[in-house]
Amino acid sequence: MARTLVLIRHAKTERTHPGGDHERELVDRGGADALALGRWLADEELLPDLVLVSTAARARQTTDHLLVGAGVDDAEVWAGRALYERGAQGVLEAVRETPEGVGTVWAVGHEPSISTLTLTLADETASAGTALASVRDHVPTGTAAVLTLDGAWAELGQGMARLAAVHTARG
């Protein structure tokens, strides 16, 4: 079964929050960018069967806007603190717990986790060269990296996916 993993960096946020980093929220531009990214994902037929999201306020808000932009109101959403606290390894562990019947997963998290995991999973010879270069350079807020794979979620590891596209949305 072909599978798609969309790794998404949260949208633009406020610089600080009285409650600390975990509570930082989206700014207006961030909400607009996330809506635009959701529309792009829908246009590319990359609607999620499952959304994995960091528990940080900005990631949860990004997810809400993505789903509205994509016109999706029935996606299953799993929030996990590991996507916030454990970096790329935490995101990978969450993805590996995905049920095998799921075809498309969105994982909404943070930098440098998104770029690190994208580069770890991408097979350099099978991936789009311009997409790889853009991830190596910098993954801005409101960006999605689209990876395709043939193997099981539980076995996903280094070089096992093809990086098909990277898209940064601006609302």
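Residues numbered from 1 in each chain as written. Predicted model: local features only at pLDDT ≥ 70, side-chain atom pairs only at ≥ 80, totals over all residues. Heavy atoms only, no water.

Remarks on the side chain of Thr118
Here is step 1 of the chain: Inspection of the secondary structure assignment puts Thr118 in helix H5 (residues 113-121).
Here is step 2 of the chain: Among the polar contacts listed, one links the side chain of Thr118 to the backbone oxygen of Ile114, at a separation of 2.7 Å.
Here is step 3 of the chain: Ignoring any residue separated from it by four or fewer positions in sequence, one finds Thr118 in contact with Leu7, Val135, Ala145, Leu147 and Leu163. (Helix = DSSP H or I, 4+ residues; strand = E, 2+ residues; numbered from the N terminus. Polar contact = N/O pair within 3.5 Å; in protein donor to acceptor, adjacent residues only side chain to side chain. Contact = heavy atoms within 4.5 Å.)

Let's talk about unusual backbone geometry
Here is step 1 of the chain: Residues Glu111 and Pro112 are joined by a peptide bond in cis, for which omega reads 5°.
Here is step 2 of the chain: The residue Pro112 is located in the loop between strand S4 (104-109) and H5 in this model.
Here is step 3 of the chain: Not every positive phi belongs to a glycine, and Glu45 is a case in point at roughly 60°.
Here is step 4 of the chain: Structurally, the position occupied by Glu45 is in the loop between helix H1 (28-43) and strand S2 (50-54).
Here is step 5 of the chain: The class for Glu45 is exposed, based on a relative accessible area of 71%. (Buried < 20%, exposed > 50% of the residue type's maximum accessible area, 1.4 Å probe, protein only.)

Notes on the packing of H1 against helix H2 (residues 57-70)
Here is step 1 of the chain: One can describe the packing of H1 onto H2 by two numbers: an axis separation of 7 Å at closest approach and a directional angle of 45°. Relative to H2, the element H1 lies oblique. For H1 against H2, the interelement crossing comes out right-handed. In contact with Gly31, Ala34, Leu35, Leu37, Gly38, Arg39, Leu41 and Ala42 of H1, H2 contributes Thr62, His65, Leu66, Val68, Gly69 and Ala70.
Here is step 2 of the chain: Partitioning the contact of H1 with H2 into residue classes produces eight nonpolar, five polar and one charged. (Axes fitted to C-alpha atoms, helices over the stretch in contact; angles between N-to-C directions. Parallel < 35°, antiparallel > 145°, perpendicular 65-115°, else oblique. Left-handed = near helix turned anticlockwise from the far one by under 90°. Nonpolar A, V, L, I, M, F, W, Y, C, P; charged D, E, K, R; others polar.)

Here's the deal with the nonpolar core
Here is step 1 of the chain: Formed by 28 residues in total, the largest nonpolar core has its most connected members in Leu5, Leu7, Leu52, Leu121, Leu147 and Leu163.
Here is step 2 of the chain: With five residues, helix H4 (residues 87-96) is the largest single contributor of residues to this core.
Here is step 3 of the chain: Ignoring anything within four residues of it in the chain, the contact list for Leu52 reads Trp78, Leu83, Ala94, Val95, Thr98, Val105, Trp106, Ala107 and Val108.
Here is step 4 of the chain: Of all hydrophobic cores here, the second largest spans 20 residues; its members include Ala59, Val72, Val108 and Val146. (Core = buried A, V, L, I, M, F, W, Y, C linked by side-chain atoms within 4.5 Å.)

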